[in-house]
Protein chains: 2
Amino acid sequence: MTVTAPAGFRAAGVAAGLKSTGAPDVALVVNEGPQFAAAGVFTRNRVKAAPVLWSQQVLAAGVVRAVALNSGGANACTGPDGFLDTHRTAEHVGSLLGIGAGDVAVCSTGLIGVRLPTDRLFAGLDAAQAALDAEGGDDAARAIMTTDSVPKTALAQGDGFVVGGMAKGAGMLAPSLATMLVVVTTDAVADAATLDAVLRAATRVTFDRVDSDGCTSTNDTVLLLASGASGVTPSYSELVEAVTDVCASLARQLVTDAEGASKDVRIDVVNAVSEDDAVNAGRAVSRANLVKCAIHGEDPNWGRILAELGMTDARFEPDAVDVAINGVWVCRDGATGDDRDLVDMSGREVVITIDLRSGDASATVWTNDLTAAYVHENSAYSS
Amino acid sequence: MTVTAPAGFRAAGVAAGLKSTGAPDVALVVNEGPQFAAAGVFTRNRVKAAPVLWSQQVLAAGVVRAVALNSGGANACTGPDGFLDTHRTAEHVGSLLGIGAGDVAVCSTGLIGVRLPTDRLFAGLDAAQAALDAEGGDDAARAIMTTDSVPKTALAQGDGFVVGGMAKGAGMLAPSLATMLVVVTTDAVADAATLDAVLRAATRVTFDRVDSDGCTSTNDTVLLLASGASGVTPSYSELVEAVTDVCASLARQLVTDAEGASKDVRIDVVNAVSEDDAVNAGRAVSRANLVKCAIHGEDPNWGRILAELGMTDARFEPDAVDVAINGVWVCRDGATGDDRDLVDMSGREVVITIDLRSGDASATVWTNDLTAAYVHENSAYSS
């Protein structure tokens, strides 16, 4: 179950011919109310795709009644004509559903710099509207996949309300205020301001802590839609917990399905002066190709980790930092620690613990190893 | 011809058994005067190797009479004992040459986090001292290689004076105030303050504009030694020009020999508001794995370039930026430009031109593509 798990939502996913493979590529998620409050966070990238620019305007009013999504083309770097394509997409969906275009968010993903074939897209939206179903969430999740190998969905059960979500994302995966395409739905009763605070609290510690390949997309979008159909108004903390659970699950699924990855790497930075310091240190290590190659080779090369830490402005003393890999403290006091031969890196998950010994803040950043498969996937053809 | 091309220098390179392969691994460069002025720039990494900490102290006095260099071990993250090893190395060389240890700079390169076998190192320095020769520069250049496939040397002829240099560097190659190990020598007459200004001017536009893999070393060192043996005192600009020529040649050689690279990529950022903006934009693109993979695949994927530009704080308008690849303007006004099929990326060198259309400053950054060979070289064994 996914975005249609909460009451008040219908969805569909269809194949519209945007992808040359014939796989599903157009999805529609409709909030049937009785309420239509929504919040969104978007890529921090200044080069924003047309659907991001459009959806930011839609979300400014705090109301979303439908989300039109497509894979097979990002509609980014397509100029004024590309923006018009998005605008017309929202108008098309609005007229299909009898709602205003200004209540229709649009999300696109795929190759940058290519116009969408709107005739096929609109025909696909027609078909999606006809297929809308209260069980259609899984189809929608499949239709937004690009290089994803599996659809990504999540569910959290609150006290009298439900939160569901779907996500796509496999490359260009270093969200800074959001990630890739994510739609989270709930039947809880909540106003737009509350949803905005909840969504920012949830994404800050989930999607914002994933850095698979250091590249931030032009299209990152996370939407949270509330139908109020449960009639239950959860407390702020209850709603944060449920939405965070769904976002954390989706974020973890993004890491596991990242392009070419053979390892999921959890970087725990502890005893930092501030949470920002911890995030900065973790993110620097997550982006270091030499560290990522070493992890791929199952080599507990802690020297490369220290070299990365030294390039951050996180506060620590180079001779008072400890590093553990899968629980073995191979670096103590900034120098050789326990026997590196004790480290077993054969599993899919690798945990790096960095003790900055400077404060009491901490943060976790997730990344992947760097593999020949990643190089192949991103050099053999345009994506 | 290399560091011994200028009058007043002798050098040697020998095999001391620090490398398991038996390849040369210890070098000595001696300034025989009559003058001994010197300058140095060092890694900006806060995790500094013991020889960097030592040599920074030596250079504070502006006098260097000898440089002891070794490959086969970086002596980084080795704690107080590692620093003592470097100190004893300088004392050993000082006693061999009858000079003070405080006039001996030390440079090390190799694996981080491993102590050097000082017995073998000192025996190697003894052998190097015995082999010192006015033609010994090439041997020295060979002895500092690690994963380098070729030694790197350069020469510039000034008006009555000569500048020579040698460098090593193949991975962890993103110098920020210096690069890897570089020794530049001249027989010009110049005081330490002049040499310092000259060296900073030269490295700022050469080594500082190389970013092969985004990882900055703990050991980066560039030294400039002047013997005054020519008796010629060049003007500041003459000396800057000659030293910059040598540094630019060495920097270019570093790019061509970077680990696993199949392309040398020149990123020209033009019409930026400031030189800093141009460097920041170029460096962001140089570090983007998705861009580097696309170049490896000879795919003129300008969308990935725009996505990177959007994550910098360089000033430009997303709908008023142009990008050319090997001279074909595939992106105009932030959207699709000329036919990408016109781009020929089959050669070793790829030139990316980014026109920010915001000012009149420019900068060039050099980088490499990302290849499966890079992944293999950095995952198959510790380095």
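Residues numbered from 1 in each chain as written. Chains lettered and ligands numbered in written order. Predicted model: local features only at pLDDT ≥ 70, side-chain atom pairs only at ≥ 80, totals over all residues. Heavy atoms only, no water.

Caption draft 1: Just the pattern of salt bridges, in detail. Residues and elements named next belong to chain A. Following the criterion strictly, the structure yields 40 salt bridges over all chains and no others. A salt bridge links Asp85 to Arg88; the shortest N-O distance between them is 3.9 Å. Remark: Arg88 and Asp85 occur in helix α2 (residues 79-97); sequence separation between them is three residues, near one turn of the helix. Judged by relative accessible area, Arg88 falls into the partly exposed class, the value being 37%. Measuring nitrogen to oxygen at the nearest pair gives 3.0 Å for the salt bridge that ties Asp264 to Arg348. In this pair, Asp264 sits in strand β10 (residues 264-272) while Arg348 sits in the loop between β13 (335-336) and β14 (349-355), placing the two residues 84 residues apart along the sequence. It is possible to trace a salt-bridge network through shared partners that takes in Asp81, Asp85, Arg88 and Arg115. (Salt bridge = Lys/Arg side-chain N within 4 Å of Asp/Glu carboxyl O. Helix = DSSP H or I, 4+ residues; strand = E, 2+ residues; numbered from the N terminus. Buried < 20%, exposed > 50% of the residue type's maximum accessible area, 1.4 Å probe, protein only.)

Caption draft 2: Fine view of the domain arrangement of chain A. Residue and element names in this part refer to chain A. Split by domain assignment, chain A resolves into domain 1 (9-256) and domain 2 (264-379). Taking only C-alpha atoms into account, the centre of domain 1 sits 32 Å from that of domain 2. Listed by partner, the interface residues are 15 residues for domain 1 and 17 residues for domain 2. Area buried by domain 1 at its contact with domain 2 is led by Arg209, Asp211 and Val255, which between them contribute 47% of it. Where domain 1 touches domain 2, the interface holds four salt bridges. At the junction of domain 1 and domain 2, the tally comes to nine residue pairs in polar contact (both at pLDDT 80 or more). Per-element tally for the side of domain 1 that touches domain 2: the top contributor is helix α6 (residues 236-256), with three residues. Taken together, the residues that form the side of domain 1 that touches domain 2 break down as four nonpolar, five polar and six charged. (Domains from an automatic or database assignment. Contact = heavy atoms within 4.5 Å. Buried area = accessible area lost by both parts, 1.4 Å probe. Polar contact = N/O pair within 3.5 Å; in protein donor to acceptor, adjacent residues only side chain to side chain. Nonpolar A, V, L, I, M, F, W, Y, C, P; charged D, E, K, R; others polar.)

Caption draft 3: View of the relation of the copies chain A and chain B. For the pair chain A and chain B, the best superposition has an RMSD of 0.0 Å and corresponds to a rotation of 180° with a translation of 0.0 Å parallel to the axis. The two molecules are tied by a two-fold rotation axis, judged by turn and shift. In terms of proximity to the rotation axis, the leading residue of chain A is Ala372(A), whose C-alpha is 2.2 Å off the axis. The residues that chain A uses at the interface reappear at the interface of chain B in 100% of cases, marking a shared surface. (Least-squares fit on C-alpha atoms with pLDDT ≥ 70 in both.)

Caption draft 4: Region of interest: the pairing of strand β9 (residues 221-226) of chain B. All names here are of chain B. For β9, a buried count of six out of six residues is recorded, marking the element as mostly surrounded by other parts of the structure. Residues Thr221, Leu223 and Leu225 point to one face of β9 and Val222, Leu224 and Ala226 to the other, with burial holding for every one of them. In the sheet, strand β3 (residues 37-42) pairs with β9 via six bridges, with the strands oriented antiparallel. Directly across from Gly40, in β9, lies its bridge partner Leu223. Across six bridges, the pairing between strand β8 (residues 181-186) and β9 is parallel. Across the sheet, the residue bridging to Val183 is Leu223, located in β9. The β-α-β motif built from β8, the intervening helix α5 (residues 192-204) and the parallel element β9 has right-handed crossover chirality. (Pairing = 2+ DSSP bridges. Right-handed = clockwise from strand over helix to strand, strands pointing away.)

Caption draft 5: Representation of unusual backbone geometry. Residue Pro34(A) follows Gly33(A) across a cis peptide bond; omega there is 20°. Its location among the elements puts Pro34(A) in the loop between β2 (26-31) and β3 (37-42). Although it is not a glycine, Cys77(A) adopts a positive phi angle of roughly 55°. With respect to the helices and strands, the residue Cys77(A) is situated in the loop between β4 (66-70) and α2. A positive phi angle is found at Asp333(B), which is not glycine, with a value near 55°. For Asp333(B), the location among the structural elements is in the loop between β12 (328-332) and β13 (335-336).

Caption draft 6: The arrangement of the interface of chain A and chain B in detail. Taken together, the 55 residues of chain A in the interface contact 55 residues of chain B. Carbon and sulfur atoms supply 58% of the area that chain A and chain B bury against each other, a total of about 4,100 Å² over both sides. The interface formed by chain A and chain B includes 15 residue pairs in polar contact (both at pLDDT 80 or more). At the level of elements, α8 (289-296), α9 (302-309), β13 and α10 (372-379) of chain A are the ones that each hand at least two residues to the side of chain A that touches chain B. For the side of chain A that touches chain B, the element with the most residues is α9(A), which contributes seven residues. Class assignment of the residues belonging to the side of chain A that touches chain B gives a composition of 24 nonpolar, 22 polar and nine charged.

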